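Residues per chain are reported as follows:
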Amino acid sequence: MKLVICAGSATTGKTSVLRHVARKLVATGHHLAFLKIDVQYADEDEVFAREFAIPTRKVYSGELCPDHCSVLVLGDALKWAGEAGADILVVETAGLCLRCAPYVDGGLGLMVMEATSGMNLPRKVGPMLSLADIAVVTKIDLVSQAEREVFRARIMEAAPSVRVREVNALYGIGIDPLVDLVLQTPDAPERLLLRGNPPVGTCTICVGKKEIGWQSHFGVVRALDNQNFYRGE
Amino acid sequence: MIKTITILGGEGKADKAEEVQRIDLNMGDVVSIVGPTGSGKTTLINDIELFADGDTPTKRRILINGERPPSVYRDDPSRNPIALITQHTNFLSDLPVRVFLGTHARIRCADGSRADALVAQTLAFANQLTGEPVIPDSRMTELSGGQTRALLIADAAIICNTPIVLLDEVENAGIHRTRALELLRQYRKIFIFVTHDPRIALLSDFRIVMRSGCITRVIHTDAAERTFALTVGCLDDALSRLRDKIRFGKHLEKTDFTELERFTPEREAAFL
Ligand SMILES: Nc1nc2c(ncn2[C@@H]2O[C@H](COP(=O)(O)OP(=O)(O)OP(=O)(O)O)[C@@H](O)[C@H]2O)c(=O)[nH]1
Ligand SMILES: Nc1ncnc2c1ncn2[C@@H]1O[C@H](COP(=O)(O)OP(=O)(O)OP(=O)(O)O)[C@@H](O)[C@H]1O
Ligand SMILES: [Mg+2]
Ligand SMILES: [Mg+2]
Ligand SMILES: [Zn+2]
């Protein structure tokens, strides 16, 4: 089973890109399964089921960081996709947390960014970009060619090892190289590992302590004039 | 070296095959694309810029020097030999003009030490087309529509310096378009103008006529039309003068029109 994980901020065009990729893969006889992970609302499972008649599912991460949620559910999802007869599992995540990234070693990591998002975005998205295999730049139809080139340079500066591909996800222009990348992806290994290191672990805020001020908290904390430090036993 | 670019026809709206199935453009050609609003002019130049290979809604294909273009043209935008100036004239980038142009110059030009000189030339070119000069420290998003368009044209000619330049309706930006044409024609390139302007159309070697998404005809500018081009130019200059008077807060007077009355084609022919 090939595993494709697609991340990117809300409304950047993840679904639009994946629909064009799915159309081409289905048309060439591949069996897809599709999973959407989002925080509290998603309808992509219905869209993909209706359009391509493939097995689809969604999970809401609710209180969890959606990328952490993906770590927890991905094992089950691969099993489900296998039982449903798929040979490629496509996962669309939410990509809200800019400190972690959902990509998995041995799977394909697609990061979607809009060309309209401002020149500083590539510097802000952290591991979601730098740990991806390819950055897909959507909405190129809305910006000038000069801006497209400068945006690409900004991405390459922030993440030199990531490939960049510009697409118009409305008409599916520029999609073919993504399809090729999916097909070149090997089957996911038996033991799956999250790519890169997750950020600093659980803090007391995550577990529900709401008091403001680091003095009320334990573990890795930080003050305004200080770097992170450890407080507690 | 790019010598020719070829458009292989596809289909129009309602999947009707295009009447014209092949057009070859040679280095140095100046070509216009004309047709009613919504007829597919912008779509055609987008196909060219993307090196369509049967994979756009029009199914057209674009060849360079008679062959499928190398994939690097599509894979790396800064190696694209085509510069496109779109109809949208808003920048979304909030970088200062100098930073934006400097970054672009360093992407496009192997010799980074020339970047500052290219930026200066680009600004000088742009400022010949605008009413009010572009301030290098202002943000790109603060530029007016005309300033943006002027800067993009200058960027295409000087920083991109590509052998092929596509311009979508230069006339609509309130820039000094006759000056733009004069400046651009100093460069030997293939120019393709999408236009509704008879002056630009008549300055072209030929024009591609669009209807319902299809290329329906190719019309070469013949000798008779070339003589009309002079008349059209004079009429257009006269109109520009009226436009400028309005722009600079002046009143129009009867004498502003005496000149215009001279321009009927018969009189102009006799005059020549
Ligand atoms: N003009 C233009 N619009 C696009 C492009 N790609 C996506 N859009 C539009 O952007 C909007 C959001 O696209 P989606 O594909 O739903 O984005 P998403 O990333 O899946 O969004 P969420 O899953 O809700 O976070 C839609 O209205 C799309 O039509 C593009 O290349 N050009
Ligand atoms: N060959 C084609 N097949 C299918 N759709 C087409 C084709 N050509 C154009 N269209 C569609 O027609 C619409 C109008 O096209 P376009 O914007 O290119 O027109 P235009 O001539 O540039 O108009 P304007 O003068 O208003 O700028 C677009 O939605 C475009 O996708
Ligand atoms: Mg989506
Ligand atoms: Mg148009
Ligand atoms: Zn997280």
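Residues numbered from 1 in each chain as written. Chains lettered and ligands numbered in written order. Predicted model: local features only at pLDDT ≥ 70, side-chain atom pairs only at ≥ 80, totals over all residues. Heavy atoms only, no water.

Peer 1: Help me out: how do you make sense of the overall build of chain A in this one?
Peer 2: Of the regular secondary structure elements, chain A holds seven helices and nine strands. Taking the principal axes of the C-alpha coordinates as reference, chain A spans close to 60 × 45 × 30 Å. Relative to its full complement of 233 residues, chain A shows a buried share of 50%. Of the contacts made within chain A by residues no fewer than 6 positions apart, 70% connect residues no fewer than 24 positions apart. Between the averaged position of the 25 positive side-chain charges in chain A and that of its 27 negative side-chain charges there is a distance of 3 Å. (Helix = DSSP H or I, 4+ residues; strand = E, 2+ residues; numbered from the N terminus. Buried < 20%, exposed > 50% of the residue type's maximum accessible area, 1.4 Å probe, protein only. Contact = heavy atoms within 4.5 Å. Lys, Arg positive; Asp, Glu negative; His and termini not counted. Charge placed at Lys NZ, Arg CZ, Asp CG, Glu CD.)

Peer 1: Where do I start with a nonpolar patch on the surface in this structure?
Peer 2: A contiguous nonpolar patch, built from Leu64(A), Val71(A) and Leu72(A) and spanning about 270 Å² of accessible area, is present on the exposed surface. Accessibility expressed as a relative area gives 44% for Val71(A), which makes it partly exposed. (Patch = residues over 30% accessible without salt bridge, like charges linked within 9 Å, V, L, I, M, F, W, Y side chains within 5 Å. Areas by Shrake-Rupley, 256 points an atom, 1.4 Å probe, with all protein chains shown as cover. Salt bridge = Lys/Arg side-chain N within 4 Å of Asp/Glu carboxyl O.)

Peer 1: Any chance you could explain unusual backbone geometry here in plain terms?
Peer 2: Trans is the common state for peptide bonds, and a negative phi is the common state for residues other than glycine. The phi dihedral of Thr11(A) is positive, around 55°, even though this residue is not glycine. Notably, Glu169(B) is not glycine yet its phi reads approximately 50°, a positive angle. You can see Glu169(B) is positioned in the loop between strand 6 (164-168) and helix 6 (177-184).

Peer 1: Quick question: what am I supposed to make of the interface of chain B and chain A here?
Peer 2: Where interface size is given, it is often the accessible area lost as the parts come together that is meant. Between chain B and chain A, the contact holds 28 residues from the first and 21 residues from the second. Summing both partners gives a buried area of about 2100 Å² for chain B against chain A, and 58% of it is carried by carbon and sulfur. Between the two partners, chain B and chain A, sit three salt bridges. Between Arg165(A) and Asp75(B) there is a salt bridge whose closest N-O contact spans 2.6 Å. Applying the counting rule to chain B against chain A returns nine residue pairs in polar contact (both at pLDDT 80 or more). (Buried area = accessible area lost by both parts, 1.4 Å probe. Polar contact = N/O pair within 3.5 Å; in protein donor to acceptor, adjacent residues only side chain to side chain.)

Peer 1: Help me out: how do you make sense of the side chain of Asp197(B) in this one?
Peer 2: Counting through the fold element by element, Asp197(B) comes out in the loop between strand 7 (190-194) and helix 7 (198-203). Excluding residues that lie within four positions of it along the chain, Asp197(B) makes contacts with Glu171(B) and Arg177(B).

Peer 1: Just checking my understanding: could you explain the site of ligand 1 for this structure?
Peer 2: Residue and element names in this part refer to chain A. Residues in close proximity to ligand 1 total 16 residues, the closest being Lys14, Thr15, Ser16, Asp141 and Ala169. Within the backbone of glycine 13, one N or O atom sits 3.0 Å away from an oxygen atom of ligand 1. Protein contacts shield 73% of the accessible area of ligand 1, which totals 660 Å² for the unbound molecule. No other element matches helix 1 (residues 14-27), which puts three residues into the shell around ligand 1. Here the shell around ligand 1 is built from residues that sort into four nonpolar, six polar and six charged. (Near = heavy atom within 4 Å. Nonpolar A, V, L, I, M, F, W, Y, C, P; charged D, E, K, R; others polar.)

Peer 1: What am I meant to see in the packing of helix 1 of chain A against helix 7 (residues 176-184) of chain A here?
Peer 2: In a packed pair of helices, the relevant descriptors are the angle between the two axes and the axis-to-axis distance. Residues and elements named next belong to chain A. The interhelical angle for the contact between helix 1 and helix 7, taken along N-to-C directions, is 65°, at an axis separation of 9 Å. On the basis of the axis angle, helix 1 is roughly perpendicular to helix 7. In this structure, the crossing between helix 1 and helix 7 has a hand that is right-handed. In contact with Val17, Val21, Lys24 and Leu25 of helix 1, helix 7 contributes Asp176, Leu178, Val179, Val182 and Leu183. Residue classes in the contact of helix 1 with helix 7 are distributed as seven nonpolar, no polar and two charged. (Axes fitted to C-alpha atoms, helices over the stretch in contact; angles between N-to-C directions. Parallel < 35°, antiparallel > 145°, perpendicular 65-115°, else oblique. Left-handed = near helix turned anticlockwise from the far one by under 90°.)

Peer 1: Is there a simple way to explain the site of ligand 2 in this structure?
Peer 2: Close to ligand 2 lie 17 residues; Glu11(B), Lys41(B), Thr42(B), Thr43(B) and Gln87(B) are nearest. Around ligand 2 the close residues trace back to chains A and B. Between ligand 2 and the protein, one listed contact pairs an oxygen atom with a side-chain N or O atom of Thr43(B) at 2.6 Å. Gly213(B) is positioned with one of its backbone polar atoms (N or O) 3.1 Å from a nitrogen atom of ligand 2. Within the complex, 74% of the 640 Å² of free accessible area of ligand 2 lies under protein. Among the residues making up the shell around ligand 2, the classes are represented as two nonpolar, eleven polar and four charged.

Peer 1: So what exactly am I meant to see when it comes to the pattern of salt bridges here?
Peer 2: Applying the stated rule across the entire model yields 35 salt bridges over all chains. We note a salt bridge from Arg19(A) to Glu51(A), for which the minimum N-O separation is 3.0 Å. Note that Arg19(A) is positioned in helix 1 and Glu51(A) in helix 2 (residues 44-52), a separation of 32 residues in sequence. For Arg19(A), a relative accessible area of 29% corresponds to the partly exposed category. We note a salt bridge from Arg61(B) to Asp53(B), for which the minimum N-O separation is 3.5 Å. Assessed through its relative accessible area of 35%, Arg61(B) is described here as partly exposed. Its relative accessible area of 27% is what places Asp53(B) among the partly exposed residues. Salt bridges here are not isolated pairs; linked through shared partners, they connect Arg177(B), Asp197(B), Arg199(B), Asp236(B) and Asp237(B).

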